[in-house]
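Observations on chain architecture
For reference, the chains in residue letters:
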2 protein chains.
Amino acid sequence: MDAKQLRDLGQQLRVDAVHAAAAAGSGHPTSSMSAADLMAVLLAGHLRYDFTMPGHPGNDRLIFSKGHAAPLLYAMYRAAGVIHDTELLSFRTLGSRLEGHPTPRLPWVEVATGSLGLGLGVGAGLALAAARLENAPVRAWVLCGDSELAEGSMWEAFEYAGYERLDNLTAIIDVNRLGQRGETRHGWDTAAYARRIGAFGWHTIEIDGHDVDAIDDAFTAAESTQGRPTAIIARTMKGRGVAAVQDTEGAHGKPVPDADEAIAELGGIRSVQVPVRPPHDVAGRRAPVSPNGGPVSLPAYERGQQVATRAAFGEALSVLGGARPGLVVLDGEVSDSTRTDDFARQHPDRFFECYIAEQQMVATALGLQARGWVPFAATFAAFWTRAHDFIRMAAISRANLKLVGSHAGVSIGQDGPSQMGLEDLALFRAIHGSVVLYPCDANQTAALLAELTAHHGIGYLRTTRGGTPVIYPPGERFPIGGSKVLRASDADQVTIIAAGVTVHQALAAADRLAADGIPARVIDLYSVKPVDTQALRAAAEATGAFVTAEDHWAEGGLGDAVMAAFANGHQPPRMAKLAVHAMPGSATPEEQLHAAGIDAKAIEAAARALAGQRVAP
Amino acid sequence: MDAKQLRDLGQQLRVDAVHAAAAAGSGHPTSSMSAADLMAVLLAGHLRYDFTMPGHPGNDRLIFSKGHAAPLLYAMYRAAGVIHDTELLSFRTLGSRLEGHPTPRLPWVEVATGSLGLGLGVGAGLALAAARLENAPVRAWVLCGDSELAEGSMWEAFEYAGYERLDNLTAIIDVNRLGQRGETRHGWDTAAYARRIGAFGWHTIEIDGHDVDAIDDAFTAAESTQGRPTAIIARTMKGRGVAAVQDTEGAHGKPVPDADEAIAELGGIRSVQVPVRPPHDVAGRRAPVSPNGGPVSLPAYERGQQVATRAAFGEALSVLGGARPGLVVLDGEVSDSTRTDDFARQHPDRFFECYIAEQQMVATALGLQARGWVPFAATFAAFWTRAHDFIRMAAISRANLKLVGSHAGVSIGQDGPSQMGLEDLALFRAIHGSVVLYPCDANQTAALLAELTAHHGIGYLRTTRGGTPVIYPPGERFPIGGSKVLRASDADQVTIIAAGVTVHQALAAADRLAADGIPARVIDLYSVKPVDTQALRAAAEATGAFVTAEDHWAEGGLGDAVMAAFANGHQPPRMAKLAVHAMPGSATPEEQLHAAGIDAKAIEAAARALAGQRVAP
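Residues numbered from 1 in each chain as written. Chains lettered and ligands numbered in written order. Predicted model: local features only at pLDDT ≥ 70, side-chain atom pairs only at ≥ 80, totals over all residues. Heavy atoms only, no water.

1. Quick notes on the pattern of salt bridges
When the charged atoms of two side chains lie near each other, side chains of opposite charge can form a pair. Residues and elements named next belong to chain A. Counting across every chain of the model gives 68 salt bridges over all chains. Note that R285 and E134 form a salt bridge whose closest N and O atoms lie 3.8 Å from each other. Highlighted residues: R285 in the loop between α10 (259-265) and β6 (306-308) and E134 in helix α6 (residues 119-134), separated in sequence by 151 residues. Assessed through its relative accessible area of 24%, R285 is described here as partly exposed. Judged by relative accessible area, which is 0%, E134 ranks as buried. (Salt bridge = Lys/Arg side-chain N within 4 Å of Asp/Glu carboxyl O. Helix = DSSP H or I, 4+ residues; strand = E, 2+ residues; numbered from the N terminus. Buried < 20%, exposed > 50% of the residue type's maximum accessible area, 1.4 Å probe, protein only.)

2. Some remarks on a negative patch on the surface
Residues and elements named next belong to chain A. A cluster of like negative charges, contributed by D208, D211, D213 and D217, occupies part of the molecular surface. As for its position among the elements, D217 is in helix α9 (residues 212-224). The class for D217 is exposed, based on a relative accessible area of 51%. (Patch = residues over 30% accessible without salt bridge, like charges linked within 9 Å, V, L, I, M, F, W, Y side chains within 5 Å. Areas by Shrake-Rupley, 256 points an atom, 1.4 Å probe, with all protein chains shown as cover. Lys, Arg positive; Asp, Glu negative; His and termini not counted. Charge placed at Lys NZ, Arg CZ, Asp CG, Glu CD.)

3. Looking at the sheet that holds strand β18 (residues 545-553) of chain A
All names here are of chain A. Strand order in the open sheet formed by 5 strands is β14-β16-β15-β18-β19, with mixed pairing between adjacent strands. Each having just a single partner strand, β14 (484-487) and β19 (574-580) make up the two edges of the open sheet. Taking the axes of each pair of neighbouring strands and ignoring which way they run, one obtains an average angle of 25° across the sheet. Looking at chain direction, β14 and strand β16 (residues 520-524) are connected through 3 bridges and run antiparallel. In the strand pairing of β16, R487 is matched with V522. (Pairing = 2+ DSSP bridges. Axes fitted to C-alpha atoms, helices over the stretch in contact; angles between N-to-C directions.)

4. What about the pairing of strand β12 (residues 458-462) of chain B?
Residues and elements named next belong to chain B. β12 sits mainly inside the fold: 5 of its 5 residues count as buried. A two-sided burial pattern is seen for β12, the buried positions comprising I458, Y460 and R462 on one face and G459 and L461 on the other. Note: strand β10 (residues 401-406) against β12, 5 bridges, orientation parallel. Bridging from a neighbouring strand, L401 pairs with I458 of β12. Both strand β11 (residues 435-437) and β12 contribute to a ladder of 3 bridges, which runs parallel.

5. Quick word on the side chain of S397 of chain B
Residue and element names in this part refer to chain B. In this fold, S397 is placed in the loop between α15 (388-396) and β10. Residue classification places S397 among the buried residues on the basis of a relative accessible area of 6%. Those residues in contact with S397 that sit more than four places away from it in its chain are P104, V111 and A112. (Contact = heavy atoms within 4.5 Å.)

6. Topic: the interface of chain A and chain B
Many authors give the size of an interface as the accessible area that is lost as the parts come together. At the interface, 103 residues of chain A touch 103 residues of chain B. Summed over both partners, the interface of chain A with chain B buries about 8,400 Å², with 51% contributed by carbon and sulfur atoms. Counting the surface chain A buries against chain B, the share from its top three residues, R181, R185 and R386 of chain A, is 10%. Our count for the chain A to chain B interface comes out at 16 salt bridges. Of all the secondary structure elements, the ones that give two or more residues to the side of chain A that touches chain B are α7 (152-163), α8 (190-199), α12 (335-338), α14 (358-370), α15 (388-396), α16 (424-429), α20 (558-564) and β19 of chain A. Broken down by class, the residue content of the side of chain A that touches chain B amounts to 39 nonpolar, 36 polar and 28 charged. (Buried area = accessible area lost by both parts, 1.4 Å probe. Nonpolar A, V, L, I, M, F, W, Y, C, P; charged D, E, K, R; others polar.)

7. With respect to unusual backbone geometry
Here the amide bond leading from K529 of chain A into P530 of chain A is cis, since omega sits at -10°, within 30 degrees of zero. When you line up the elements, P530 of chain A lands in the loop between β17 (527-529) and α19 (533-543). The backbone of N135 of chain B sits at a positive phi, close to 50°, despite the residue not being glycine. Mapped onto the fold, N135 of chain B is located in the loop between α6 (119-134) and β2 (140-145). One non-glycine residue, R165 of chain B, lies in positive phi territory at about 55°.

8. Thoughts on the confidence of the model for chain A
Looking at chain A, the pLDDT average stands at 96 and 99% of residues meet or exceed 70. The ipTM value of the predicted complex is 0.98, and its pTM value is 0.98. (pLDDT = per-residue confidence, 0-100.)

9. Let's talk about the relation of the copies chain A and chain B
Laying chain A over chain B is done by rotating through 180° and shifting 0.0 Å along the axis; what remains is an RMSD of 0.0 Å. Considering both components of the superposition, the chain copies are consistent with a two-fold axis. For chain A, the smallest separation between a C-alpha atom and the rotation axis is recorded for G152 of chain A, amounting to 1.9 Å. Both copies present the same face, since 100% of the interface residues in chain A are matched by interface residues at the equivalent positions in chain B. (Least-squares fit on C-alpha atoms with pLDDT ≥ 70 in both.)

10. Some details on the sheet that holds strand β15 (residues 494-498) of chain B
Residues and elements named next belong to chain B. As summarised here, the arrangement of the 5 strands in space is β14-β16-β15-β18-β19, forming an open sheet in which the pairing is mixed. Each of the sheet's edge strands pairs with one partner strand only, and the pair in question is β14 (484-487) and β19 (574-580). Adjacent strand axes in the sheet meet at a mean angle of 25°, parallel and antiparallel pairs treated alike.

11. Quick word on α15 of chain A
Since the α-helix turns once every 3.6 residues, residues separated by three or four places project in the same direction. All names here are of chain A. Across the 9 residues of α15, 9 count as buried, placing the element largely inside the fold. Listed as buried for α15 are H388, D389, F390, I391, R392, M393, A394, A395 and I396. Just past α15, the residue R398 takes up positive phi, approximately 50°.

12. Some remarks on helix α9 (residues 212-224) of chain B
Residues and elements named next belong to chain B. Under the 1.5 Å per step criterion, the end-to-end length of α9 is 18 Å for 13 residues, consistent within 8% with the ideal 18 Å. Every buried residue of α9 is accounted for by V212, A214, I215, A218, F219 and A222. Down the axis of α9, the buried set is contained in an arc of 160°. They therefore lie on one face. Every exposed residue of α9 that faces more than 90 degrees away from the buried side is listed here: D217 and S224. (Expected span 1.5 Å × (residues − 1). Arc of directions from axis to C-beta.)

13. Section: the packing of helix α1 (residues 3-24) of chain A against helix α3 (residues 36-46) of chain A
Residue and element names in this part refer to chain A. Where α1 contacts α3, the two axes come as close as 8 Å, and the packing angle between them is 120°. Taken together, the axes of α1 and α3 are oblique relative to one another. Regarding α1 and α3, the two cross each other, and that crossing is right-handed. Here L6, L9, G10, L13 and R14 of α1 come into contact with α3, specifically with A36, D37, M39, A40, V41 and A44. Of the residues in the contact of α1 with α3, the class split is 8 nonpolar, 1 polar and 2 charged. (Parallel < 35°, antiparallel > 145°, perpendicular 65-115°, else oblique. Left-handed = near helix turned anticlockwise from the far one by under 90°.)

14. Here's the deal with the packing of aromatic side chains
Here the structure, examined in full by the defined rule, presents 35 aromatic pairs over all chains. Pairing W155 of chain A with F200 of chain B gives two aromatic rings, centres 5.0 Å apart and planes at 75°, and the pair type is edge-to-face. One end of the pair, W155 of chain A, is in helix α7; the other, F200 of chain B, is in the loop between α8 (190-199) and β4 (203-208), on a second chain. Classification of W155 of chain A as buried rests on a relative accessible area of 2%. Geometrically, the ring pair formed by F380 of chain B and F383 of chain B is stacked, given 5.5 Å between the ring centres and 15° between the ring planes. Of the two residues, F380 of chain B and F383 of chain B, neither departs from the other in class, the shared state being buried. Pairwise contacts between aromatic rings join W155, F158, F200 and W202 of chain A together with W155, F158, F200 and W202 of chain B into one cluster. (Phe/Tyr/Trp six-rings, centres within 6.5 Å; stacked < 30°, edge-to-face > 60°.)

15. Quick look at the environment of T364 of chain B
All names here are of chain B. Tracing the sequence through the fold places T364 in helix α14 (residues 358-370). As for T364 and F428, which are separated by 64 residues in sequence, their C-alpha atoms are 19 Å apart. Residues contacting T364, with those up to four places away along its chain left out, are G121, G125, L128, Y160 and L330.

16. A look at the nonpolar core
In terms of nonpolar packing, the biggest core is built from 284 residues, with I496 of chain A together with I496 of chain B touching the most fellow members. L6, A44, A80 and L106 of chain B belong to the second-largest nonpolar core, a separate cluster that totals 51 residues. (Core = buried A, V, L, I, M, F, W, Y, C linked by side-chain atoms within 4.5 Å.)

17. Points about the environment of R7 of chain A
In this fold, R7 of chain A is placed in helix α1. Expressed as a C-alpha distance, the spacing of R7 of chain A and V404 of chain A, which sit 397 residues apart in the sequence, is 49 Å.

18. Section: the pairing of strand β7 (residues 327-331) of chain B
Residues and elements named next belong to chain B. For β7, the buried fraction is high: 5 of the 5 residues fall into the buried class. Sheet topology note: the β7/strand β9 (residues 374-380) ladder contains 5 bridges and is parallel. For D331, the partnering residue across the bridge sits in β9 and is A378.

19. Side note on the environment of V274 of chain A
All names here are of chain A. Relative to the assigned elements, V274 resides in the loop between α10 and β6. The sequence separation of V274 and M76 amounts to 198 residues, and the corresponding C-alpha distance is 9.0 Å. The residues touching V274, leaving out its near neighbours within four places in the chain, are M1, L9, L43, A44, A79 and A80.

Given below as structure tokens:
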């Protein structure tokens, strides 16, 4: 396309954005209009993509980190001929694939965006997959806003991609000067952005984002830059092309005042269809391999051994990595603690050190999984809180993402509360569609890791710092959604439900109770989500009383998960929820469990109180 | 002190760090040893602090962003004469104030650290309080690690402080090259850090961090630099001074192998006491004023009016701001949505725009509250997930922090799931000691805001985007921990429990049920934490069956909070928990409530099913 045609295409994209938002009665046309020329030139001259085959491995990747510019993205799809007028005008209505912010309900969307600061990091992950794993000459193009440059996650991404020399990544920064409620920090000072981004090892190019020739040159320069990613910092105008909203405060996130007039001002409705460049030749590509391979000989531990579940995780991960070439591992500079270091030594080509940048670690993993790799990412359980928003967004992406949190709970001991994951179960339970697993011994850890590898979706595995005795034989099965009844009799007066470290405390309590003539059922609820509703209801019917014990705050964890099994009209049992209530300090692991009231002694006392209250039916 | 004395003091700090960690059997002596000379020069020559009066307004602020160097901090306290040998050697033991990472259990600690990437932002908040609010000539000194420069939150802080020209803030970066499991990204390339930090508008100084004269010069330069903060980027050696661990991998986070030998190598135990410079003269200082002032005339709304709770929040906040000069407000570039914009107009000197950087927003607030100001910070409910770790850490700091999340739930409508806060109740319930409030109408919002202002601790207020009818009269009281029974009779067959938008759905359902001869109790559980255990237990006894309805995922929110009222052995009622189960897309607010199964129709059906199951006692 020549310059005039490109300018026309830009106007078409603007018209369609205005049109879609007007039909919806909401949306972000002005944030779309600023980037329309940038995207017109990308679509018509640089993006290599077969829109009829979104899974083509030679396709470039396109991410709208400024996800609120969704109308522009959908206008691009219309220009590429894969959505039509009727669908465009279904924007933001019930059932439409064209949501307010892009999600992978559309086959061309790699990951959901809309929470600013996410997309560039995912672009880095996609670029990494292409460059390091797949040997595919594809590029990742990421449209960023200027407002989102305030998010620290963007700078994690700049540092990550610069350090990894991802020259197949291009950030296109739409500097339209205006945020939601007024001017951004740096307004049109594109040099301020260039200084910062350049300092992180990027090639930076400042342009007028409405000059199609300059845009074309910049994209060409990005394509030929070697050894570092490129950021194109484009000065633009929000609402460009419509006088009523152009470069105007108060015009964010709403339809333009008079859509018909605006469309006329933009030259009316057009229907140019763009011949998009074909995908790259990927003959030499290495494809990710399904995680569901043949049988794996997991590490086996003898009963009675003291083994930390984090150690068993590390050993099993390394073995699984040998049998599953699609498995990749990321760590946040704590691999000697999480124990991903063995995998790193055995499979260095599939291990990615993300340093202490948990958001970027999740973003990288999101990029890798979007290409079919199966990522496991690990850090301390406490530090997943850093990436909470990215994990939330991963659920909207329907991502296949496995996260592992070590050093969970007060049982870590002396390091104190800043290092204790005491809210991780609450965090991960409230992630849509998640699986939350919490093993208590080494064999169970290995088995659950294998289950998690084969499961598609967001999974969380919680591991423990200190050693715990092996209680299960090697080879025992632990399906997701299951539980294990460790003590049971027909005379049980109370059920003790535990997971992880508290399983061992529960067993000790049950033994003392039994010695005292109070038979207690013990359930190892290793699958905190989904929860084994059937086993819990059976135990409630049999015993009428539950004690739950968890190394976690009282809110949102195991106890709440147990109660949720009775949340659809079933009669719940009486229940004592033992959990961490007071802010811990430093102390030994044993002192911590005791102080928190989740050790065998506390469980025994709670069970005894409930059993004593039992009335004959 | 002369150079030799300073070097001696550095050695004393090293010895004490080695000694404390050896006594504890754990801890981070090597990370303390790298920064010992830096802190010796600071303590002896630059820090202005009366350790006998930690609350003195003329004291400088000292933050260990690398909180794991706690042994060094405690060694400084010993050198300042405020802790003694016995307490130093209680490091990391049960009951000791000297926790594994610093917390405000020690009166000289402003905020808890230990989660890397937090301290610099808090330092910026402290510097901001001094410069903009208090007119106090004090400085904030922040000791940072090099590993933590990978955290995006650090770059939010660099951007924030650079943009705000906080020349009373100094970052002292201990570039000891080694992270936990090996070398950092940039090793000893201090120029790489200087380029990046300088690009964010800071004055940067690269020095040898073991040259006491160079350190002294750098601190002097920082003190005299105007208009921009200073970063002193100090090349150091981890484990400096002990050959067995100096600049050695694998020596992180553990005592040195032979403490006696190491102490001898460092010159033996010393007991130099440092004469610390006195506090600054703060005669012209403006002190924060207690939030508990006289009566406030809150905005009043007439029953039946449609008002968004976010709008009522904004109006009440502005009014409260007039009556409470200690109240300060922060927003994440969405003040026109959260409605803090009215406060910003009325009280511009106490409003702080934080742009889209939620972690820095919380960090700034943490710094402000540490100085006695009462900060309210607001963004969309969904985006608090960005700051989850900082909020978690705020609880360890026993902070007085009020956060407001607007646009909660599916009821926002068309924008789609990326903008819906559907996990915020789970997040905030699992914050230690938090208060979680969720008003359903405008008068209740204003009253709860006043309650929250007077409450000391971490509080969360959840507001709604769309209008809801005013159902409470102006002036009604809503104590924290309370609830309101909106419908009740002696014949109630079921209790419907709701909060926020679902209260109105619950009332509609109850009216339909009543018309059908099924009296239902309705409870407005506006205080999601603490929960009104007494009212819930009374309702359970009276009706035996609960329907809970919440605009939130099923995990960790209102339903779980209700069940928790029965978690200490009381017989819980049968319960149907209505919550969001499927991933929403775009749709109108009404369609969203219906699709999620939390509208009046769904509540009515669930209540009918439970009431129908009711058996005579």
